[in-house]
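# Observations on chain architecture
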Amino acid sequence: MASKAVYSQRDPMLKKRDDFEDILEERRNSSDLRYALRCYAPVVYKGLCPSKAGTLKSMVLQSDQLHYVIHQVCRETGRAVDDVQEEASSILEEMAHRLQLSTVRFFAFTLSKVFKTLFRSICVNEEGIQRLQQVIQEHPVVLLPSHRSYMDFLLMSYLLYTYDLALPVIAAGMDFMGMKFVGEMLRMSGAFFIRRSFGGDKLYWAVFSEYVKTMLKNGFAPVEFFLEGTRSRTSKSLTPKLGLLNIVMDPFFKGEVFDVSLVPVSISYERILEESLYARELLGVPKPKESTSGLIKARKVLSEDYGSIHVYFGQPVSVRSLAEGRVNRCQFNLIPRHIPKKPSEDIHSFVNDSAYRLVRAQEENMVLKPWVLLASLLLQNQVSGQKRGIALDELTEQAVWLRDLSRQYGAFLHWPEHTPPSEVVSSSLSLHRGLVRISEGRVQLALDKGYAVTPEEELLSQAVIILSCASYRNQALHVFLRPALLASAIHTASSNKKQEVFNSFSFLRNMFSNEFILCPGTYCMLFTSHWCCVSTGALQVTQQEVLVTERGHRTLVFLTSMLDPFLQGYQVVCRFLCEEATEALTEKQFIPAVRKFIIKHLLAGRLRYTEVLSSDLQKNSLAALLRLGAVRKIKGYQGTLKVNTVMVNSLEDTLGKKPAVRNQQCLGSFQNISTLSVFFV
Amino acid sequence: MLYISTKYQIIRKDFPFYLGKTAHGGLWVQIKNLPGHLPKESPSHVQEIMKWNGWGYSDSRFLFNKKGQAEFTGKRYRLSGMIIPGLKDWFECTFGASLQHKTPPLLNSSAVQPPTLNEAFVEELKSTGIPFSQDAEDRVFRAHGHCLHEIFALREGKFGRVPDMVVWPNCHNDVVKIVELASKHNVCLIPYGGGTSVSSALECPPEETRSIVSLDTSQMNRILWVDEKNLTAHVEAGIVGQDLERLLNESGYCTGHEPDSMEFSSLGGWVATRASGMKKNIYGNIEDLVVHIKMVTPQGVIEKSCQGPRMSTGPDIHHFIMGSEGTLGVVTEVTMKIRPMPEYQKYGSVVFPNFEQGVACLREVARQRCAPASIRLMDNEQFKFGHALKPQVSSIFTSFLDGLKKFYITKFKGFDPNRLCVATLLFEGDREKVLQHEKQVYDIAAKFGGLAAGEDNGQRGYMLTFVIAYLRDLGMDYYVIGESFETSVPWDRVLDICRNVKARIVRECKERGVQFPPLSTCRVTQTYDAGACVYFYFAFNYRGLSDPVQCQNLHAAREEILANGGSLSHHHGVGKLRKEWMRETVSNVGMGMLKSVKDYVDPNNIFGNRNLL
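Residues numbered from 1 in each chain as written. Chains lettered and ligands numbered in written order. Predicted model: local features only at pLDDT ≥ 70, side-chain atom pairs only at ≥ 80, totals over all residues. Heavy atoms only, no water.

Here is the rule we go by: UniProt positions are given in the numbering used here, feature names are shortened, and annotations may be inferred rather than shown by experiment.
As annotated in an unreviewed UniProt entry, chain B carries the name Alkylglycerone-phosphate synthase and comes from Lates calcarifer. In UniProt, chain B has this text filed under Subcellular location (unreviewed entry): "Peroxisome membrane". Taken from UniProt, the Cofactor (unreviewed entry) comment for chain B reads in full: "FAD".

Under an unreviewed UniProt entry, the name given to chain A is Glyceronephosphate O-acyltransferase, and the organism recorded is Lates calcarifer. Quoted verbatim from the Subcellular location (unreviewed entry) field of UniProt, the annotation for chain A is "Membrane". We quote the UniProt Pathway (unreviewed entry) comment for chain A here in full: "Phospholipid metabolism."

Below you can see the structure in the form of structure tokens.
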């Protein structure tokens, strides 16, 4: 039942076709000032104990949990109780929000102005808003938006204000606090600030968790935080962080609330404001210095067209239903509930599974724009080495094909129905004119030589464009991921025996579980992807074998190329670790070193995918290798990495069944598939 | 004998005896002219004065009269013969029920299966001269307790497995003979006391193939001796609460054990289920009250050799007996503590702005160990329910006063009528001490925003417990079914468990297609040093549902209780209704211990009601 709640969207018959409403439309037609000053009277939680931000603080400081930890800290460190209490109080002071309606009104006014200049529309699913309104009254609510931009949380508060819904309190990273004035403004609009890391600091953890729980239990406001922990620079969903989710579920486990509703929210930007910023960050290229020209550029940001934003408020997920039959709440019966306890094994795995499900729900509700498909096609085309790009009408034809395919795979694609495809394509291209170049009816990525002096600089400036593009392709990755893993499994498996394919699939799945959101529980995934491919006629599954049909050839080529950059990325990291990793390589040095290695090979033309320069991919592959035990961290030596060369080598082989570094041209790698399909149809 | 004077104020009329106080604070008791509860010569006649398919006395029931007003019939209770004007509206608004839609009980007692008799056993029993019966009515009457599903089935004319015969032993030695014969002939015995079980304890196991004999202890109802030096009384276990209290009162004593079912439940039943009384704060629960127990088992009679007030002689064997729920043998005689009757009794009530404050107050009262004889906290829904049961007021002045009180509380003090709740109190003892005690409790209550709300409200609160079971029968006439259950829980969990269990009931009803939101209400009925006893009621309108009894979903409610740190039962017992949770409640080893006791005491499962384990 629980899974149904999250996955109901999967069912094509129940496909979310909620109507979207453009909230900017009204803003363009009526006074922003009146809007900012209008009467704001949201519905509240029925069990609400009305309290001010100030009383919240004293509730936290007087809580049993905090008292217990304060005394524990005193016992352990020998400090005076007053002293520790003082510290707790200042931690809370540093953390707490000071939600003020006046500040919210100020933001409502200014953001209206900003949004109207930046975006064509901000579309929100109204049914989601209605569901949210309902659920806010019944249970404490936790809002879980996806995180792709700094904009996200201002946008969320703006939307809730617009719809007269309770304003959330938002967990924000301490880094905002660096900007003194802005930080305080955000604080007054409902943000509370948490340190990025506070590992063993019991007191900090106690203050923090009690603060969040108090707000949640009292129904003070919906609690909002980002499951992914930070902004995704790649537009791929990040592996969820469990800390806060654990905290908000805890009151339910301990019976302090009847239920908690988790509402996944998917925010998709047609054009991300931080587009090239992210790409530079991933490449380790320093940001352009703050200067007058920088300022002018910042102004340029404001004058550009960023298309539209789609916000989808997902189906609220009841923690109670999720936990039914999975968590035995009796485990809290024998110890006073205020004594902090490490989550038990079953709770940990439950929270972990729930987090994955919620991130998956975010992914599935993410509205995709046609450009996402175009970016995928253009990237594949670019790699295939056609120097002159692809003809516009061919691109359109491919886009239409991909549109249909993605819909079959359940993508939430927002493709204007009554516009000719060619127009859809050209308008998408023109919105992203910084990334593509159209000349003589042919389209390609804008990889101009520019003013680069050295070949390395040229490579990096091209990489900025490619990574920006890849981030758009990544938006659609979750749609194709499972079939793509299967396609790659068929590709790399030594035969078409079901078992072989399954082994290969499991291997890839395991290998990439730091890279993509792959819910725990393998077999159902395999089943799903089978189902997808089989239903679209790309595969035929017999008693023993998995066969590629003739029709499925094109699909399979597309799918494998989707995953190829990642395969190659992991391979090249393996190669690096075998060839160049010295005894003294530390974790800190890893990224610069592997980057240098990759640049060298790219310049020599021995690697096909410029994308592998992404530090995100490099980090993930190291994390995977560490998880699999192919690399170990030696304690006490500043994280020196110890490489198990034999294992890394064999992983590299299994990943490709072919050398990673080679000069072969593009489609050659698909010959295998075509031979297979000839064999098996 | 009847002596009523205006000098005396009747303070308790809801029992079949009057308890009152004189103008000087003295106490008097007067026994009503009851029909002989259990005439010796024809033991089976109990069903003539008791309903066979509902609660309590046949002459006492709620009904809606021709004017559509609710009234309570009979003469036995304070409420008897009165019109209750508020009940109809409350009933219709709370349940969305209509007086147009009636579900009268089907009256056929003919569908009872013929008895499976063990001829040899019957022959030998005859020779002992102990009375017995194979009459269908006698058998059906003893085949059930008062769980909703049991009564519902009876009203529908459905009978499952019922006992094959009923025996009425007259004394301990009769029981010894019966148990010997049952062991000899391998007959299943099910002890029957007052029949007020709410744990399916009296249901005959359908898989039982042996002849089932219901052992009705009702004829063993004498007080054998009273020891005024030690303040103990030796009593036969079949005596029902009201008789025990009445007889002791005649000589100026009482036990002070008053479970809500005391009109009908028996001493043996209290021992077998670990019962709890309303006034346990002064007198203690059953385990504090018993000094000595005699029980007949298939292995012989178990009892202690002396009546020392406390012993260090290994695990207390009384604790194998108390709570054994008829699985080990029949309790035949009990020595109980008695107390001189209290000089003075006073009801009281306190209104709190909300349930949270009320619980905090009860917690503080428990902390200071100054709980009155009884202190109970009703939630808002139950407060309203109690209010609906107010009988018609005779004078305009009273209704004016009521209006004034209401105005004072809601308008002047700012209490939200949809959140306020009320605690009912009962003080007992020396007049001086009671008044002192009363002040102490009201002072504590004031710290939690409580306002004293008069004796009348308190008294009505206690009346509710005695008539609630009658009200359930009324509901069943109009498509409304209800049930109650209880638990005990540590103090820090009280609020959470109340909220969550009530919410769970509402949610389950919704999910099962119940059209109108159910009445889901609770009260804290007992306080202890480390926790409290919480009692839940719920009821709903089942029109349009195919299987209403399933929809009550007690299972989910109990799961919720356990998940919130509540116990499996505070005083109702486990029976068969809750035995699926026994293992997790007492652990594997605990279960093994209990099993091994059963295996030793009753290896052939003569006491085969299959409760508990």
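## Some thoughts on the domain arrangement of chain B
Residues and elements named next belong to chain B. In plain terms, the rule: What fixes the domain bounds is an automatic or database domain assignment. Throughout, a contact is declared for two residues whenever any of their heavy atoms are within 4.5 Å. Once two parts are put together, the accessible area they lose, assessed with a 1.4 Å probe and summed over both, is termed the buried area. One side-chain nitrogen of Lys or Arg within 4 Å of one carboxyl oxygen of Asp or Glu is enough to make a salt bridge. Two N or O atoms count as a polar contact when they lie within 3.5 Å, although within protein this holds only if one can serve as hydrogen donor and the other as acceptor, and sequence-adjacent residues are included solely when both atoms are side-chain atoms. Every helix listed is a DSSP run of H or I at least four residues long, and every strand listed is a run of E at least two residues long, numbered separately from the N terminus.
According to the domain assignment, chain B consists of domain 1 (46-95), domain 2 (109-218), domain 3 (223-340), domain 4 (344-462) and domain 5 (479-589). Across the contact, 15 residues belong to domain 4 and 17 residues belong to domain 5. Between domain 4 and domain 5 lies a buried interface of about 1,500 Å² when both sides are counted; carbon and sulfur atoms form 58% of it. Counting the contacts that link domain 4 with domain 5 gives three salt bridges. Residue R369 is joined to D529 by a salt bridge in which the shortest nitrogen-to-oxygen separation is 2.6 Å. Here domain 4 is connected to domain 5 by eight residue pairs in polar contact (both at pLDDT 80 or more). Within the residue set of the side of domain 4 that touches domain 5, elements represented by two or more residues are α12 (355-367), β19 (374-378) and α13 (380-388). The dominant element in the side of domain 4 that touches domain 5, judged by the number of residues it contributes, is α12, at six residues.

## So, empty space enclosed by the protein
Residues and elements named next belong to chain A. Using the following cut-off: The definitions used throughout rest on a 1 Å grid laid over the protein atoms alone, on which a cavity is an enclosed set of points accommodating a 1.4 Å probe that cannot get out and a pocket is an open set flanked by protein within 12 Å on both sides along at least five of seven lines; lining residues are those having an atom within 4 Å of a point. Grid points are joined across faces, edges and corners, and a volume is the space filled by probe spheres set on the points.
Taken as a whole, this structure holds ten cavities of 30 Å³ or more when the rule is applied. By volume, the second largest cavity amounts to about 180 Å³. Along the wall of the second largest cavity there are 18 residues; nearest its centre are R148, S235, K236, S237 and N474. Those elements that place two or more of their residues in the lining of the second largest cavity are β7 (261-269) and α20 (455-492). The element best represented in the lining of the second largest cavity is α20, accounting for five residues.

## Comments concerning the interface of chain A and chain B
Note the threshold: Under the scheme applied, nonpolar residues are Ala, Val, Leu, Ile, Met, Phe, Trp, Tyr, Cys and Pro; charged residues are Asp, Glu, Lys and Arg; polar residues are all the others, including Gly.
Taken together, the contacts link 14 residues of chain A with 13 residues of chain B. A buried area of about 1,200 Å², summed over both sides, lies between chain A and chain B, and 36% of it is on carbon and sulfur atoms. It is F258(A), R329(A) and R337(A) in chain A that bury the most area against chain B; as a group they hold 44% of the surface buried on that side. Here chain A and chain B share five salt bridges between them. When the shortest N-O distance is used, the salt bridge between R329(A) and E560(B) registers 3.2 Å. Split into classes, the residues belonging to the side of chain A that touches chain B amount to four nonpolar, four polar and six charged.

## What to know about the pattern of salt bridges
Rules: A simple rule labels every residue: compare its accessible area, found with a 1.4 Å probe on the protein chains alone, to the largest value its type can have, and call it buried under 20%, exposed over 50%, or partly exposed in between.
Under the defined criterion, the tally for this structure stands at 75 salt bridges over all chains. Across the salt bridge formed by R187(A) and E184(A), the nearest N and O atoms sit 3.3 Å from each other. Residue R187(A) and its partner E184(A) are located together in helix α10 (residues 180-188), separated by three residues, close to a single helical turn. Residue classification places E184(A) among the partly exposed positions, given a relative accessible area of 21%. In this structure, E483(B) engages R472(B) in a salt bridge whose closest nitrogen and oxygen atoms are separated by 3.0 Å. Of this pair, E483(B) sits in strand β22 (residues 480-490) while R472(B) sits in helix α16 (residues 455-477), and the two are eleven residues apart along the sequence. Residue E483(B) is classed as buried on the basis of its relative accessible area, which comes to 6%. Among the residues examined, R472(B) registers a relative accessible area of 16% and is labelled buried. Shared partners join several salt bridges into a network, and the residues in it are R320(A), R329(A), R504(B), E508(B), R512(B) and E560(B).

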